[in-house]
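Summary of structural features
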Amino acid sequence: GQQLNQSPQSMFIQEGEDVSMNCTSSSIFNTWLWYKQDPGEGPVLLIALYKAGELTSNGRLTAQFGITRKDSFLNISASIPSDVGIYFCAGVPYNAGGTSYGKLTFGQGTILTVHP
Amino acid sequence: NAGVTQTPKFQVLKTGQSMTLQCAQDMNHEYMSWYRQDPGMGLRLIHYSVGAGITDQGEVPNGYNVSRSTTEDFPLRLLSAAPSQTSVYFCASSSRDSSYNEQFFGPGTRLTVL
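So, here's what we can say about the structure. Starting from 1, residues in each chain are numbered consecutively following that chain's sequence as written. All chains are assigned letters beginning with A, and all ligands numbers beginning with 1, in the order in which they are written. At least 70 in pLDDT is required for a residue's local features to be given in this predicted model, at least 80 for side-chain atom pairs to be given and counted, and no such filter applies to totals for whole chains, interfaces and linings, which use all residues. Remark: hydrogens and water are excluded; side-chain values derive from all non-hydrogen atoms of the structure.

**Comments concerning the pairing of strand β2 (residues 10-14) of chain A**
All names here are of chain A.
- Type-normalised accessible area, obtained with a 1.4 Å probe on protein chains alone, sets the label of each residue: buried when under 20%, exposed when over 50%, and partly exposed for intermediate values. Helix and strand assignments come from DSSP, with helices taken as H or I runs of at least 4 residues and strands as E runs of at least 2, each series counted from the N terminus. Residues Met11 and Ile13 point to one face of β2 and are all buried, whereas Ser10, Phe12 and Gln14, pointing to the other face, are not buried.
- Relative to strand β11 (residues 110-115), β2 is paired through 5 bridges, and the arrangement is parallel. Bridge pairing links Gln14 to His115 in β11. By definition, two strands form a pair when at least two bridges between them are found by DSSP.

Following this line, the structure appears as structure tokens:
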């Protein structure tokens, strides 16, 4: 199946710092999504991206759909302790017949730790 | 709205036992799916459904069965549990409005097979 490489695997930062993480693939994706998972909970959707080059913000979070359609980036500005968790990228592979809708491929996740 | 609900939250099985993981959603979403999450591997799609009476296999379907008799419910059945099925299982749902892509996840079922 499709592979998404997410990096870094983990990050340890101080409160107030900015954070960047990315997701890459060797294949083209139609849609990129970013999720956050808190311990013992299910993933929660943060941002959805649908067009190459698209830049979308959600509060302190900004995500971009790469021009090549093979990557996506998530930035968190001025981190706070509640940003702690696992961040996942997910993508919907390009399929000319449209049969890949809803079939999300997930990255391995980035574990974010924020020190007060 | 309760969103996506899953029961049980925790379960321990012995090898060879069967069980059903329950999933329900109250958002009238057409699309429902099951994922498993293993350490360091992200989430992987097991089965999905685009509507009542329609199901299909995802990336890792072996050992699991599903059915979709109503829009609201999408149970996952393990017919003969194996230790390799020890994992956290998430159910998700989404609407046709987002081409099924913006999926809402339940809280998960943590399954251990001894």
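Anyway, onward from the coordinates.
**Examining the layout of surface pockets**
- The pocket and cavity definitions rest on a 1 Å grid over protein atoms only: a 1.4 Å probe that fits but cannot leave marks a cavity, an open set with protein on both sides within 12 Å along at least five of seven lines marks a pocket, and residues lining either have an atom within 4 Å of a point. Grid points are joined across faces, edges and corners, and a volume is the space filled by probe spheres set on the points. Roughly 330 Å³ of volume is contained in the largest pocket.
- Along the walls of the largest pocket sit 22 residues, with Ile86(A), Phe88(A), Ile111(A), Gln37(B) and Gly40(B) positioned nearest its centre.
- Those elements that provide at least two residues to the lining of the largest pocket are β9 (85-93) and β11 of chain A together with β9 (87-94) of chain B.
- Per-element tally for the lining of the largest pocket: the top contributor is β9(A), with 3 residues.
- Basically, the charged four are Asp, Glu, Lys and Arg, the nonpolar ten are Ala, Val, Leu, Ile, Met, Phe, Trp, Tyr, Cys and Pro, and anything else, Gly included, counts as polar. Classifying every residue of the lining of the largest pocket by side-chain character gives 8 nonpolar, 10 polar and 4 charged.

**Some points on the interface of chain B and chain A**
- Contacts are assigned to residue pairs that have any heavy atoms within 4.5 Å of one another. Across the contact, 21 residues belong to chain B and 20 residues belong to chain A.
- Buried area: the accessible surface (1.4 Å probe) lost by two parts on joining, summed over both. Counting the surface lost from both chain B and chain A, the interface buries some 1,600 Å², and carbon and sulfur atoms represent 54% of this.
- A 3.5 Å cut-off defines polar contacts: any pair of N or O atoms within that distance qualifies, except that in protein one atom must be a possible hydrogen donor and the other a possible acceptor, and neighbouring residues in sequence count only when both atoms are side-chain atoms. Summed over the shared surface of chain B and chain A, the number is 9 residue pairs in polar contact (both at pLDDT 80 or more).
- Those elements that place two or more of their residues in the side of chain B that touches chain A are β4 (31-37) and β5 (43-51) of chain B.
- Of the residues belonging to the side of chain B that touches chain A, the class tally is 10 nonpolar, 8 polar and 3 charged.

**Structural notes on the sheet that holds strand β3 (residues 19-24) of chain A**
Residue and element names in this part refer to chain A.
- Across the sheet, 5 strands lie side by side as β1-β3-β8-β7-β6; this open sheet has antiparallel pairing. Each of the sheet's edge strands pairs with one partner strand only, and the pair in question is β1 (5-7) and β6 (55-58). Along the sheet, successive strands turn relative to each other by an average axial angle of 15°, direction set aside.
- Pairing of β3 with strand β8 (residues 71-76), which is carried by 6 bridges, proceeds in the antiparallel orientation. Across the sheet, Asn22 pairs through a bridge with Phe73, a residue of β8. Throughout, an axis means a line fitted to C-alpha atoms (over the contacting stretch in the case of helices), and angles, computed between N-to-C directions, take values from 0 to 180 degrees.

**Some words on the pairing of β5(B)**
All names here are of chain B.
- A large share of β5 lies buried, amounting to 8 of its 9 residues.
- Inspection of the sheet shows β4 paired to β5 by 6 bridges, in the antiparallel sense. Paired with Trp34 across the bridge in β5 is His47.
- Between β4 and β5, which pair antiparallel and follow one another directly, the connecting turn spans 5 residues, one of which, Gly40, has a positive phi of 75°.
- As defined by bridge partners, β5 adjoins strand β6 (residues 54-57) across 3 bridges and the pair is classed as antiparallel. The residue bridging His47 from the neighbouring strand is Gln57, located in β6.
- Taking the residues that link successive antiparallel strands as the turn, the β5-β6 hairpin has 2 residues, and the phi of Gly53 there is positive, at about 85°.

Keep in mind these values describe shape, not function.
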